[in-house]
Amino acid sequence: MGTLYIVPTPIGNLEDMTLRALRIMRHVSLIAAEDTRTSRVLTRHYDISTPMTSYHEHNKIAKLDEVFAALNHGDVALISDAGTPGISDPGFELIAAALERGHEVVPLPGASALTTALVGSGLACDRFAYLGFLPRKQAALRDLLAEYAERSETLVAYESPYRLAQSLATIVDVLGDDRRVCVAREISKKFEEFYRGTASELRETFAADNPRGEVTLVIAGADPGASIWTEAQVIKALAARLEAGETLSRAASNVAKLARWKKKAVYRLGVSGGETE
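Residues numbered from 1 in each chain as written. Predicted model: local features only at pLDDT ≥ 70, side-chain atom pairs only at ≥ 80, totals over all residues. Heavy atoms only, no water.

Caption draft 1: Geometry of the overall build of the chain. In terms of helices and strands, the chain carries eleven helices and ten strands. In the chain, which comprises 277 residues, the proportion classed as buried is 51%. Accessible surface for the chain amounts to roughly 14300 Å². Of this, 51% is attributable to carbon and sulfur atoms. Computed over 32 positive and 36 negative side-chain charges, the separation of the two mean positions in the chain equals 2 Å. (Helix = DSSP H or I, 4+ residues; strand = E, 2+ residues; numbered from the N terminus. Buried < 20%, exposed > 50% of the residue type's maximum accessible area, 1.4 Å probe, protein only. Areas by Shrake-Rupley, 256 points an atom, 1.4 Å probe, with all protein chains shown as cover. Lys, Arg positive; Asp, Glu negative; His and termini not counted. Charge placed at Lys NZ, Arg CZ, Asp CG, Glu CD.)

Caption draft 2: The packing of aromatic side chains, seen in detail. Inspection of every chain in the model, using the stated rule, returns three aromatic pairs. Ring pairing ties together the aromatic residues Y130, F133 and Y158, which thus form one cluster. Here the guanidinium or amino end of R101 rests over the ring plane of F68, the centre of that ring lying 3.9 Å away. (Phe/Tyr/Trp six-rings, centres within 6.5 Å; stacked < 30°, edge-to-face > 60°. Lys NZ or Arg CZ within 6 Å of the ring centre and 35° of its normal.)

Caption draft 3: Layout of the pairing of strand 10 (residues 215-219). Along strand 10, five of the five residues are buried, which leaves the element largely enclosed by surrounding structure. Inspection of the sheet shows strand 7 (residues 154-159) paired to strand 10 by five bridges, in the antiparallel sense. When the sheet's bridge partners are listed, Y158 is paired in strand 10 with T216. In this sheet, strand 10 lies alongside strand 8 (residues 180-185) in antiparallel orientation, the contact comprising five bridges. Bridging from a neighbouring strand, V183 pairs with L217 of strand 10. (Pairing = 2+ DSSP bridges.)

Caption draft 4: Quick peek at the sheet that holds strand 8. Pairing in this open sheet of five strands is mixed, and the strands run 6-7-10-8-9 from one edge to the other. Whereas interior strands pair on both sides, the edge strands pair on one side only; in this sheet they are strand 6 (128-133) and strand 9 (193-198). Direction aside, neighbouring strands of the sheet carry axes that sit 15 degrees apart on average. Each of strand 7, strand 8 and strand 10 is contacted by helix 7 (residues 164-175), which is oriented at about 10 degrees to strand 10, the strand it contacts most. Where helix 8 (residues 199-207) meets the sheet, its contacts fall on strand 8 and strand 9, and the angle it forms with strand 9 comes to roughly 130 degrees. (Axes fitted to C-alpha atoms, helices over the stretch in contact; angles between N-to-C directions. Contact = heavy atoms within 4.5 Å.)

Caption draft 5: Quick peek at the packing of helix 9 (residues 231-243) against helix 10 (residues 248-259). Relative to each other, helix 9 and helix 10 sit at 140 degrees, their axes nearing to 9 Å. Regarding the angle of helix 9 to helix 10, the classification is oblique. The two elements helix 9 and helix 10 meet at a crossing, and its hand is right-handed. Packed against helix 9, whose contacting residues are V234, A237, L238, R241 and L242, the element helix 10 presents L248, A251, A252, N254, V255, L258 and A259 at the interface. Looking at the contact of helix 9 with helix 10 residue by residue, the class counts come to ten nonpolar, one polar and one charged. (Parallel < 35°, antiparallel > 145°, perpendicular 65-115°, else oblique. Left-handed = near helix turned anticlockwise from the far one by under 90°. Nonpolar A, V, L, I, M, F, W, Y, C, P; charged D, E, K, R; others polar.)

Caption draft 6: Here's a closer look at helix 11 (residues 263-271). Within helix 11, the full set of buried residues consists of A265, V266, L269 and G270. Buried residues of helix 11, seen end-on, are gathered within an arc of 145 degrees and therefore sit on one face of the element. Residues of helix 11 that are exposed and point over 90 degrees away from its buried face: K264, R268 and V271. Tucked into the core, helix 11 has its buried residues touching helix 9 and helix 10. Positive phi appears at G273, one or two residues downstream of helix 11, with a value of about 75 degrees. (Arc of directions from axis to C-beta.)

Caption draft 7: Representation of the sheet that holds strand 5 (residues 104-107) within the structure. A sheet is described by the order of its strands in space; here five strands give the open sequence 3-2-4-1-5, paired in parallel fashion. Taken across any chain shown, the strands that pair with only one partner, and hence form the sheet edges, are strand 3 (52-54) and strand 5. Adjacent strand axes in the sheet meet at a mean angle of 25 degrees, parallel and antiparallel pairs treated alike. Of the strand pairs in this sheet, strand 1 (residues 3-6) and strand 5 are connected by four bridges, and their pairing is parallel.

Structural data, given as structure tokens:
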């Protein structure tokens, strides 16, 4: 039985390809690529003539027989458009199926926007949570961020450049003005940029003009020693959430987590319209 090799490919600069990855791609009997048009740029650059087939989200079921027919007679390399296969792409399903059928699976280390952005962010790298692609709907994004609001690990996510400004505004709203954030754009490419600052600073940076290219967001975890919010801060945050369409119950719950207040106390402020006795 053949071996399935998980082969990372460059996320930008073609020189990021490892010598081992090149050897494997030349050795296997078939390369399963997310997009053969993109991958042929890489194989032509390195003079790799191994047969290639497409394996992506829309044909993954139909392609399984072809891939496993190749695996029954030799080795196969799984590659994505860029980076490490299996992270936010259908590669993980092929990997699971190969293991279930008794094939050896060998992952190679290599390029990944996830880890590159994390270590380049200047934020803590000892513990982190990968959130994948951020939800498109603001309500879902608010819920996701609220879930992690009190957790101390660094957060890493992919985001569309067209939604970046709105997502940064939501980060400000849910996690606070001073939460540290890094926006990594076009990693390993000619116009690579890292923007580092507070959520409010980066919101202003991208408010007028969305960036181009691929974006990775790195968000600092909560400070366990953060002070309890003042009443004025709670009222301001609560008002912003209510104006954005959240119910009083949901807004009070989310603000309470951030402010380290009791939900009932925040709810009472909402009922009274922010007026205190």
